[in-house]
Amino acid sequence: MARGGSFRRLIVDPGFVRGGVIAVMFAVWEIAARWFVDPLFLSPPSRVIVSLGAVLRTPGVPAALQVTLLELGAAFVLSVVIGLVVGLAVGLLSFSRRTFMPIILLLYGIPQITILPLFILYFGIGPASKIAFGVSHGIFPIIVTVVAGVQNLKPILLVSARSMGANRWQVLRWVIVPHMMPTVFTGMRLGMTGVLLGVLLAELYVSTAGIGYFTTLFTQNFDPTKLLGLIGMLATMAIVLNQIVRRTEERFSKWQNT
């Protein structure tokens, strides 16, 4: 009975189930790559993991990882700053919200890849165009979620703060900002995904450095082992950045659990 109870607790544990799903996916990948798919197009995960050292020893790859990481960091910071400022300005003022929110939603709905040539024209083919294109993908989720967070604030909290003599800055600092934190961090995670997509798209289409450049190079050389290894490093980078945001969210949202 004790063993049965332990097993039942194990199979309902989220971490165990998540690990099981990942293991099944890797097993399917391994079987498909070894027996069903041409090795010219797909390598098994066992071979990809072994080749990670060779990928890192490829001339230019370590520098490319550093370039992409710097571009991601700069684009994400700019997206957060711009998204918070614009989101608060639009969300706090009724006139601004009615005037500019439709424009923001319209711009958000435009496929950004269609205007990539404009970024290249204005910023060149260096890191500036990748950062700017990443920002164009990252700011809109943050703006929309910040506006939603401001709008979901309970009016009674604002009335209570003002009745106790709080000025506008105090209301913003002690009422609005703390209560909109959950939606802000949701927007930051979405914005980070958008920034990652924008930077990589720009590197894929026009770049002489960065992960996107080597992704194109390995694809053209029909080297799926190195390609998948590079994609794995990129996925690891995205997971680490997401965990940093989640840990920051947990730190600033502790008051909600008290």
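No experiment lies behind these values; they were computed from the predicted model shown. (Residues numbered from 1 in each chain as written. Predicted model: local features only at pLDDT ≥ 70, side-chain atom pairs only at ≥ 80, totals over all residues. Heavy atoms only, no water.)

**Student:** Explanation requested: the environment of Val245 in the structure shown.
**Tutor:** Here Val245 shows up in helix α12 (residues 224–252). Accessibility expressed as a relative area gives 5% for Val245, which makes it buried. Sequence-distant contacts of Val245, defined by excluding residues within four places in its chain, comprise Phe76, Phe185, Met188, Arg189 and Met192. (Helix = DSSP H or I, 4+ residues; strand = E, 2+ residues; numbered from the N terminus. Buried < 20%, exposed > 50% of the residue type's maximum accessible area, 1.4 Å probe, protein only. Contact = heavy atoms within 4.5 Å.)

**Student:** Looking at this model, I keep getting lost on the packing of helix α6 (residues 94–109) against helix α8 (residues 127–151). Mind explaining?
**Tutor:** The description of two packed helices rests on the angle between their axes and on the distance between the axes. Across the interface, α6 lies against α8 with an axial gap of 10 Å and an inter-helix angle of 145°. Both α6 and α8 take part in a crossing whose hand is left-handed. Judged by residue contacts, Arg97, Met101, Ile104, Leu105, Leu107 and Tyr108 of α6 engage Phe140, Pro141, Ile143, Val144, Val147 and Gln151 from α8. Of the residues in the contact of α6 with α8, the class split is 10 nonpolar, one polar and one charged. (Axes fitted to C-alpha atoms, helices over the stretch in contact; angles between N-to-C directions. Left-handed = near helix turned anticlockwise from the far one by under 90°. Nonpolar A, V, L, I, M, F, W, Y, C, P; charged D, E, K, R; others polar.)

**Student:** I keep staring at the packing of aromatic side chains and nothing clicks. Help me out?
**Tutor:** Evaluation of the coordinates by the stated rule reveals five aromatic pairs. Taking the centre distance of 5.9 Å and the plane angle of 15° together, the rings of Tyr108 and Phe140 count as stacked. In this pair, Tyr108 is assigned in helix α6 and Phe140 in helix α8, connecting sequence segments 32 residues apart. Taking the relative accessible area as the measure of exposure, Phe140 reaches 9% and is therefore buried. Centre to centre, the rings of Phe119 and Phe133 are 5.2 Å apart; their planes meet at 75°, and the pair counts as edge-to-face. (Phe/Tyr/Trp six-rings, centres within 6.5 Å; stacked < 30°, edge-to-face > 60°.)

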